[in-house]
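As a plain string of letters, each chain reads:
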Amino acid sequence: MSHVSAAPGDSPFQTEPTPRDEAPQFVLPLVVRIEKSAPPARTDALQTAARAVLVLLGDERARDEGEWAEAVRNWEDARIRKVVRRARGAEWRRAEELPGITVTGASAEVRVFPPIPLDGWPKELAKLQVSGTELDDAEPPVGADPGTPVLWLNPELEMSAGKEMAQVGHGAQLAWWALSDAARESWRTAGYPLAVRAATPAQWRELTVSGLPLVRDAGFTEIAPGSATVIADHPALR
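The text that follows walks through the structure, step by step, so that each part is easy to find. Just so it is clear, the structure is predicted and the values come from calculations on it, not from any experiment.

Quick notes on the sheet that holds strand 9 (residues 228-233)
Sheet strands pair by backbone hydrogen bonding; their relative direction is either parallel or antiparallel. The strand order 7-6-9-8 describes an open sheet built from four strands, whose pairing is mixed. Unpaired on one side and paired on the other, strand 7 (195-198) and strand 8 (214-216) mark the two borders of the sheet. Going from strand to strand, the sheet's axes swing by 20 degrees on average, the running direction of each strand aside. Pairing between strand 8 and strand 9: three bridges, direction antiparallel. When the sheet's bridge partners are listed, L214 is paired in strand 9 with I231. Running at roughly 130 degrees to strand 7, helix 1 (residues 42-58) makes contact with strand 6 (150-153) and strand 7 of the sheet. Strand contacts of helix 5 (residues 161-178): strand 6, strand 7, strand 8 and strand 9, with the helix running at about 40 degrees to strand 9, the strand carrying the most contacts.

Comments concerning the pairing of strand 3 (residues 101-104)
With burial as the criterion, only one face of strand 3 is covered, namely that bearing I101 and V103; the residues T102 and T104 on the opposite face remain uncovered. As paired strands, strand 3 and strand 4 (residues 109-112) are joined by four bridges and run antiparallel to one another. Across the sheet, residue V103 finds its bridge partner in strand 4, namely V110. Where strand 3 folds back on strand 4, the antiparallel hairpin that results is connected by four residues.

A short note on the packing of helix 1 against helix 5
Running from amino to carboxyl end, helix 1 crosses helix 5 at an angle of 40 degrees, the nearest separation of the two axes being 8 Å. Put simply, helix 1 runs oblique to helix 5. Read as a crossing pair, helix 1 and helix 5 show a hand that is right-handed. Along the contact surface, helix 1 presents R42, A45, L46, A49, A50, V53, L54, L57 and G58, while helix 5 presents A161, E164, M165, V168, G169, A172, Q173 and W176.

Digging into the environment of A175
Within the element layout of this structure, A175 appears in helix 5. The buried category is assigned to A175, whose relative accessible area is 2%. Measuring from C-alpha to C-alpha, the distance between A175 and P149 comes to 9.2 Å, with 26 residues separating the pair along the chain. Aside from chain neighbours lying at most four places away, what touches A175 is W187, P213, A232 and L237.

Reading the values: rules and limits
Residues numbered from 1 in each chain as written. Predicted model: local features only at pLDDT ≥ 70, side-chain atom pairs only at ≥ 80, totals over all residues. Heavy atoms only, no water. Pairing = 2+ DSSP bridges. Helix = DSSP H or I, 4+ residues; strand = E, 2+ residues; numbered from the N terminus. Axes fitted to C-alpha atoms, helices over the stretch in contact; angles between N-to-C directions. Contact = heavy atoms within 4.5 Å. Buried < 20%, exposed > 50% of the residue type's maximum accessible area, 1.4 Å probe, protein only. Parallel < 35°, antiparallel > 145°, perpendicular 65-115°, else oblique. Left-handed = near helix turned anticlockwise from the far one by under 90°.

Structure representation (structure tokens):
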């Protein structure tokens with residue numbers, strides 16, 4: 001399934017009512033580890049969350065007849081929802097006991113779980129907080145390495161780190177859908193390298209007319225419906 005070829009009005013990221021709303025709704029849970037004594041850097045948490053989405057999509061259990069494949073198909077057939085919650089200490093250890101995949105970055109750990117019904121959260125995850133994912137970078141991130149896929153954030157929007165983690169996850173997923181099978185396999189084999197950066201206003205204007213995959217948020221939290229949040233710039237889509 002590809003964002004660029006989706007029928008008008010029936011994209012998983014549209015904000016107007018569509019036939020997708022009539023399907024049972026699923027959500028992809030992501031849990032970020034935030035210990036009081038050692039919280040992750042913001043940009044690293046965003047990048048790790050985006051990679052976690054890709055790791056799940058590329059996992060054998062999520063494809064063909066894998067044990068998570070039906071849940072992934074049900075999720076992709078409805079609106080694409082992701083919810084980021086935070087955990088520490090015993091909460092994190094309990095989350096790690098559930099089926100899922102933990103992805104690590106330089107300072108961040110994010111666990112992604114197979115999609116679940118919107119009202120069917122496991123108790124170990126349901127009690128985790130959504131708010132409180134305020135993270136910072138000790139230093140501004142440097143420019144991305146040439147040839148690295150970049151998920152560009154809209155510089156005009158202010159979002160919490162948790163919200164941005166979900167948005168860059170959407171962007172990574174749109175890039176994944178738009179790539180050829182060969183490009184997907186190359187990205188997977190390389191370990192899904194990517195960078196998350198805030199675009200300058202001039203860059204953002206250019207990117208919005210580039211034809212690259214663009215995320216428009218449904219507006220359930222923090223920002224207005226239809227807001228353009230992330231553009232996925234993968235070299236193979238240029």
